[in-house]
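Here are the chains, one letter per residue:
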Amino acid sequence: MREFDYRRADDVSGAVALLGADPEARYLGGGTSLVDLMKSGVERPARLVDVRSLPLDRIEPADGGGLRIGATVTNSDLAAHPGIRERYPALTQAVLAGASGQLRNMATVGGNLLQHTRCGYFTDVTSPCNKRVSGSGCPAVAGGEHHNHAVLGASDHCVAVHPSDMGVALTAFDAVVGYETADGPGELPLTDFYLPVGDTPHRETVLPPGALLTHVTLPPARVAARSRYRKVRERASYAFAIGSVAAALDVSGGVVCDARLALGAVASRPWRARAAERVLTGAPATAEYFAAAADAELAAARTLPDNGYKVTLMRNLVVAVLSELAGEVAR
């Protein structure tokens, strides 16, 4: 591991200034992802700016309703918060589906959203990887291991998927990301936060250089109170998803009045299923229409030889989760 300087920030502006003074610096939250990447040589920061002492560890009411979640709130505290459990249950389920209890006690909201892909070529510094070294190539596209890689929104330059469970639920609920820069604060919808892969997979978000993620705002959403997160993985626990769904459904008289749907482990970012939502809204709450909604979203899927199963998996998963939600309304 490369030797590095360590500084503990006392306030948000101080943290931004410390990082801005060194282009090779990185913010350190829980360290559950960054430290691993430092050990493997993928990340080689010259300085770590510890932000865990900043006053960003609270979950508070947001203006106009909803909730404001500080960037250093731990995953465990987020999942256990009464307001999250009651008003956005799919978010609690998504957080609890990720990692282990020990990691959730350390990992932070901001770090979760900013974590890099878990593609084996990205984490292996002896392999080429366009996300790690721009222009070096993508072995996954060129016939390598890709069975858990993207089927939506990918490109010939990268087919890795975003690993966050939390981000999928936040995307379904129209979360907004807040950040601080040397020029002042800014906000972005989470759906606009991640960049499309295109030919620049090494650029993952639209955050300005040196920006510090400070909070995530969940707007009020009545439909979110009846929501669910379902994750499929290759072993029973402590594994990244091969497919996941965050869904919320408001049904009246057997007709869908409002629907929220986001997919995980299918793209380089949490995938908001807008096409599926358009099919669902105003349609009968039946398995037939749930399948039609899934088909509308997955029509753009682009598969490789070993990941085509994801299309069928995600179709079945969407239908199952929406059917369960509709069944709860009927009871």
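From a predicted model like this one, the values you see are computed outputs, not experimental measurements.

So what's going on with the overall build of the protein? Residues and values would help.
If you tally the helices and strands in the protein, you get 13 helices and 12 strands. Against the compact-globule benchmark of 20 Å for 331 residues, the protein has a radius of gyration of 20 Å, which places it among compact chains. Based on the C-alpha atoms only, the size of the protein along its principal axes is roughly 60 × 50 × 35 Å. The burial tally for the protein puts 54% of its 331 residues in the buried class. Looking at the protein alone, contacts between residues at least 24 apart form 63% of all its contacts between residues at least 6 apart. Total accessible area computed for the protein in this model is approximately 14,300 Å², and 51% of it derives from carbon and sulfur atoms. Taking the average location of the 33 positive side-chain charges in the protein and that of its 35 negative ones, the two points are 4 Å from each other.

Could you give me a rundown of the pairing of strand 10 (residues 241-252), with the residues and numbers involved?
Both faces of the sheet carry side chains from a regular strand, because those side chains alternate between them. Taking burial as the measure, the 12 residues of strand 10 include 11 buried ones, the bulk of the element. In terms of strand pairing, strand 9 (residues 227-233) meets strand 10 through seven bridges, oriented antiparallel. Paired with Lys231 across the two strands is Ser244, which belongs to strand 10. Note: strand 10 against strand 11 (residues 255-264), nine bridges, orientation antiparallel. When the bridges of strand 11 are listed, Ser244 appears paired with Gly264.

Mind laying out a nonpolar patch on the surface, listing which residues take part and the relevant values?
Residues Met1, Phe4 and Tyr6 make up a contiguous nonpolar surface patch of roughly 310 Å² in combined accessible area. Topologically, Tyr6 is positioned in strand 1 (residues 5-8). The exposure class assigned to Tyr6 is partly exposed, which follows from its relative accessible area of 38%.

Break down the side chain of Glu277 for me, citing the residues and quoting the values.
Mapped onto the elements of the fold, Glu277 is located in helix 11 (residues 274-280). On the basis of relative accessible area, Glu277 is assigned to the buried category, the value being 8%. In contact with Glu277, other than residues within four places in its own chain, are Ala259, Arg260, Leu261 and Arg272.

Could you give me a rundown of helix 1 (residues 12-20), with the residues and numbers involved?
Within the span of helix 1, buried status applies to Val12, Ala15, Val16, Leu18 and Leu19. Viewed end-on, helix 1 has its buried residues packed into an arc of 160°, placing them on one side of the element. Exposed residues on helix 1 whose side chains face more than 90 degrees from its buried face are Ser13 and Gly20. As for helix 1, its buried residues are in contact with strand 1, strand 2 (25-28), strand 3 (47-50), strand 6 (176-181) and strand 8 (212-218).

Now, about the nonpolar core: what can you tell me, with residues and values included?
Among the nonpolar cores identified, the biggest contains 41 residues, and Leu78, Leu91, Leu170 and Leu218 are the most heavily contacted of them. Of all the elements, helix 9 (residues 166-172) adds the most residues to this core, at five residues. Residues contacting Leu78, with those up to four places away along its chain left out, are Ile59, Ile69, Val73, Ile84, Leu91, Thr92, Val95, Val109 and Met166. With 29 residues, the next largest nonpolar core counts Leu249, Leu280, Ala293 and Ala326 among its residues.

Got a sec to walk through helix 5 (residues 89-96)? Specific residues and values, please.
Buried residues dominate helix 5, accounting for six of its eight residues. Taken together, the buried positions of helix 5 are occupied by Pro89, Ala90, Leu91, Thr92, Ala94 and Val95. Looking at the buried residues of helix 5, the elements they touch are helix 3 (75-80), helix 4 (82-87), helix 6 (101-106), helix 9, strand 8 and strand 9.

If you had to explain the packing of aromatic side chains to someone new, which residues and values would you point to?
Evaluation of the coordinates by the stated rule reveals two aromatic pairs. Seen from their ring centres, Tyr88 and Phe173 are 5.7 Å apart, and the 50° between their planes marks the pair as tilted. With Tyr88 in the loop between helix 4 and helix 5 and Phe173 in the loop between helix 9 and strand 6, this residue pair connects regions lying 85 residues apart in the sequence. With relative accessibility at 1%, the residue Tyr88 sits in the buried group. Aromatic side chains Phe193 and Tyr194 sit 5.1 Å apart centroid to centroid with 80° between the ring planes, which places their arrangement in the edge-to-face category. Among the residues examined, Tyr194 registers a relative accessible area of 6% and is labelled buried.

Can you explain the environment of Pro209? Please cite residues and give values.
Looking at the element boundaries, Pro209 is found in the loop between helix 10 (190-193) and strand 8. Between the C-alpha atom of Pro209 and that of Phe122, which follows or precedes it by 87 residues, the distance is 22 Å.

An account of the sheet that holds strand 6 is requested, with residue identities and associated values reported.
Taken in spatial order, the five strands of this open sheet run 4-5-8-6-7, and their pairing is antiparallel. Each edge of the open sheet carries a strand with a single partner, namely strand 4 (59-61) and strand 7 (184-189). Between one strand axis and the next, the sheet turns through 25° on average, direction left out of account. For strand 6 and strand 8, the ladder comprises five bridges, and the chain directions are antiparallel. Within the sheet, the bridge partner assigned to Gly178 lies in strand 8 and is His215. Helix 1 rests against strand 6 and strand 8 of the sheet, and its axis sits at about 135° to strand 8.

The rules behind these values
- Residues numbered from 1 in each chain as written.
- Predicted model: local features only at pLDDT ≥ 70, side-chain atom pairs only at ≥ 80, totals over all residues.
- Heavy atoms only, no water.
- Helix = DSSP H or I, 4+ residues; strand = E, 2+ residues; numbered from the N terminus.
- Rg over C-alpha atoms; globule rule 2.2 N^0.38 Å.
- Buried < 20%, exposed > 50% of the residue type's maximum accessible area, 1.4 Å probe, protein only.
- Contact = heavy atoms within 4.5 Å.
- Areas by Shrake-Rupley, 256 points an atom, 1.4 Å probe, with all protein chains shown as cover.
- Lys, Arg positive; Asp, Glu negative; His and termini not counted.
- Charge placed at Lys NZ, Arg CZ, Asp CG, Glu CD.
- Pairing = 2+ DSSP bridges.
- Patch = residues over 30% accessible without salt bridge, like charges linked within 9 Å, V, L, I, M, F, W, Y side chains within 5 Å.
- Salt bridge = Lys/Arg side-chain N within 4 Å of Asp/Glu carboxyl O.
- Arc of directions from axis to C-beta.
- Core = buried A, V, L, I, M, F, W, Y, C linked by side-chain atoms within 4.5 Å.
- Phe/Tyr/Trp six-rings, centres within 6.5 Å; stacked < 30°, edge-to-face > 60°.
- Axes fitted to C-alpha atoms, helices over the stretch in contact; angles between N-to-C directions.

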